[in-house]
Amino acid sequence: MDLDTVRTFVAAADARQFQEAAAELAVTQQAVSKRIAALERHLGVRLFTRTPRGAELTIDGQAFLPHARELLRVAERAVASVQTGRRPLRVDVIASRVAPSGLMRGFHRAYPEIELDVVMLFDVETAVAAIRSGAIDASFRAVAAPGRPLPDDIESVRVLDEPHQLLTGPAHALAGARSVTLAELPGHRIWMPGLVPGTEWTAYYDDLAAEFGLTIEATGPNFGSDALLDTVADTPALATFTTEQTRLVWPVGHGLRRIPVTDPTPVYPHSLLWHRDNPHPALATLRAHLAAITRDEDATRTWVPNWVITR
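What comes next is a walk through the structure. Because the structure is a prediction, the values reported are computed rather than measured.

So, how was this worked out
- Residue numbers run consecutively from 1 along every chain, following the written order of its sequence.
- Reporting in this predicted model follows two pLDDT cut-offs: at least 70 for local features of residues, and 80 or more for side-chain atom pairs to be given and counted; totals over whole chains, interfaces and linings ignore these cut-offs and use all residues.
- Side-chain measures here rest on the full set of heavy atoms in the structure, leaving out hydrogens and waters.
- Two rings from Phe, Tyr or Trp (for Trp, the six-membered ring) form a pair when their centres sit within 6.5 Å of each other. Planes less than 30 degrees apart are called stacked, planes more than 60 degrees apart edge-to-face, and all others tilted.
- Strands here mean DSSP runs of E at least two residues long; helices mean DSSP runs of H or I at least four residues long; both are numbered from the N terminus.
- Residue burial is assigned from relative accessible area. The probe radius is 1.4 Å, only protein chains are included, and a residue is buried under 20% of its type maximum, exposed over 50%, and partly exposed in between.
- Salt bridge, as used here, is a side-chain nitrogen of Lys or Arg placed within 4 Å of a carboxyl oxygen of Asp or Glu.
- Two residues form a contact once any of their heavy atoms are found within 4.5 Å.
- Axis angles are defined between N-to-C directions and span 0 to 180 degrees, where every axis is a line fitted to C-alpha atoms and, for a helix, only to the segment in contact.
- Our angle categories are set so that under 35 degrees counts as roughly parallel, over 145 as roughly antiparallel, 65 to 115 as roughly perpendicular, and the remainder as oblique.
- Here a crossing is taken to be left-handed if its near helix is turned anticlockwise relative to the far helix by less than a right angle, and right-handed if that turn runs clockwise.
- Lys, Arg, Asp and Glu make up the charged group, whereas Ala, Val, Leu, Ile, Met, Phe, Trp, Tyr, Cys and Pro make up the nonpolar group; the residues left over, Gly among them, are polar.

## Thoughts on the packing of aromatic side chains
Reasoning step 1: Taken as a whole and assessed by the stated rule, the structure comprises 10 aromatic pairs.
Reasoning step 2: Centre to centre, the rings of Phe 107 and Tyr 111 are 5.2 Å apart; their planes meet at 40°, and the pair counts as tilted.
Reasoning step 3: Aromatic side chains Tyr 205 and Phe 241 sit 6.3 Å apart centroid to centroid with 20° between the ring planes, which places their arrangement in the stacked category. With a gap of 36 residues between them, Tyr 205 in helix 7 (residues 200–212) and Phe 241 in strand 10 (residues 238–243) connect regions that are remote in the sequence. Of the two residues, Tyr 205 and Phe 241, neither departs from the other in class, the shared state being buried.

Now the structure itself:
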């Protein structure tokens, strides 16, 4: 059904004069008559009767009018849903408890008027595909995995280098330390069952282990963070890595320790990715907000893999 004919019908029904409807729509009276006739042929009924006072709705016209108005409202909502600046900014934060989620909560507090859709995608390839298709506007990622450069139409900027911590139970040999160096960690088992081959975060920890001689294990099923914390708390031989802004909650009886890692401090490099042709005005606002809060780390005291993109 042609929306122009529906719009013309509603204008004529409201004005009760084809001439006034024509003036409102900035078309000729003949065009209004042709559109109404076309709609009547499509519906197979008469919508108006001519009277000395103008155009009156028939019974069929009265029945069709509320549905015609709803058709126009639905069309307006459909257009608004994809118009730049009128739809929510869609951003991938990877997971709810990690630093990018916190960055977006801070952005929302600073700009509560900007409507957001927050999603959680799995890996960088999935995120990049979603950015290129327009399914999302931006994603927080450690870019990119070795041998898999970003496509030319994807832009990125480092927004947060997040320091690592060692998480241990109360009986672990390092539990009493105020900080630990990377040189102290060889020989200690670091358990990270969430590492998935082929992901950017697994590439990060593979390089970290190789460069500093660490034992990072991904054995066993991944039952989530609660099960990981339970096991670390109860197993003196196991520790795990977490990052400074990762939100973890555990029972008081677990007695877990979060210990800063130093000399150098491994930092997880969060970058914001977006499509170079994305015109959403809130995306520029998000980028400016992140640039204003970015913390500069002393590169001589931190570590990232050499494949991490800095552009």
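## Comments concerning the pattern of salt bridges
Where charged atoms from two side chains of opposite charge come close, those side chains can pair.
Reasoning step 1: The final tally for this structure, using the stated rule, is 12 salt bridges.
Reasoning step 2: The closest approach of N and O atoms between Arg 276 and Glu 155, which form a salt bridge, is 3.5 Å. Taken together, the residues Arg 276 in the loop between strand 12 (265–275) and helix 9 (281–293) and Glu 155 in strand 6 (residues 154–168) connect sequence positions 121 residues apart.
Reasoning step 3: Of the residues examined, Arg 276 reaches a relative accessible area of 48% and is grouped as partly exposed.
Reasoning step 4: On the basis of relative accessibility, which here comes to 26%, the residue Glu 155 falls in the partly exposed class.
Reasoning step 5: Shared partners join several salt bridges into a network, and the residues in it are Asp 92, Arg 141 and Glu 200.

## Let's talk about the environment of Ala 142
Reasoning step 1: By the element assignment, Ala 142 lies in the loop between strand 5 (138–141) and strand 6.
Reasoning step 2: Here Ala 142 falls in the buried class, since its relative accessible area comes to 2%.
Reasoning step 3: In sequence terms Ala 142 and Ala 175 are 33 residues apart; their C-alpha atoms lie 29 Å from each other.
Reasoning step 4: With residues up to four places along the chain from it excluded, the contact list for Ala 142 reads Glu 200, Tyr 268, Pro 269 and Trp 307.

## Structural notes on the packing of helix 1 (residues 3–15) against helix 3 (residues 29–43)
Reasoning step 1: Viewed as axis vectors pointing N to C, helix 1 and helix 3 meet at an angle of 110°, and their least axial separation amounts to 9 Å. If you check the angle between helix 1 and helix 3, you find them roughly perpendicular. Helix 1 and helix 3 meet at a crossing whose hand is left-handed. Contacts from Asp 4, Thr 5, Val 6, Thr 8 and Phe 9 of helix 1 reach helix 3 at Val 32, Arg 35, Ile 36 and Leu 39.

## Brief notes about the packing of helix 2 (residues 18–25) against helix 3
Reasoning step 1: It is the contact of helix 2 with helix 3, at a shortest axis distance of 8 Å, that shows an interaxial angle of 105°. The pairing of helix 2 with helix 3 is recorded here as roughly perpendicular in orientation. Taking contact as the criterion, the partners of Phe 18, Gln 19, Ala 21, Ala 22 and Leu 25 in helix 2 are, on helix 3, Gln 29, Val 32, Ser 33, Arg 35 and Ile 36.
Reasoning step 2: Its residues placed into classes, the contact of helix 2 with helix 3 shows 6 nonpolar, 3 polar and 1 charged.

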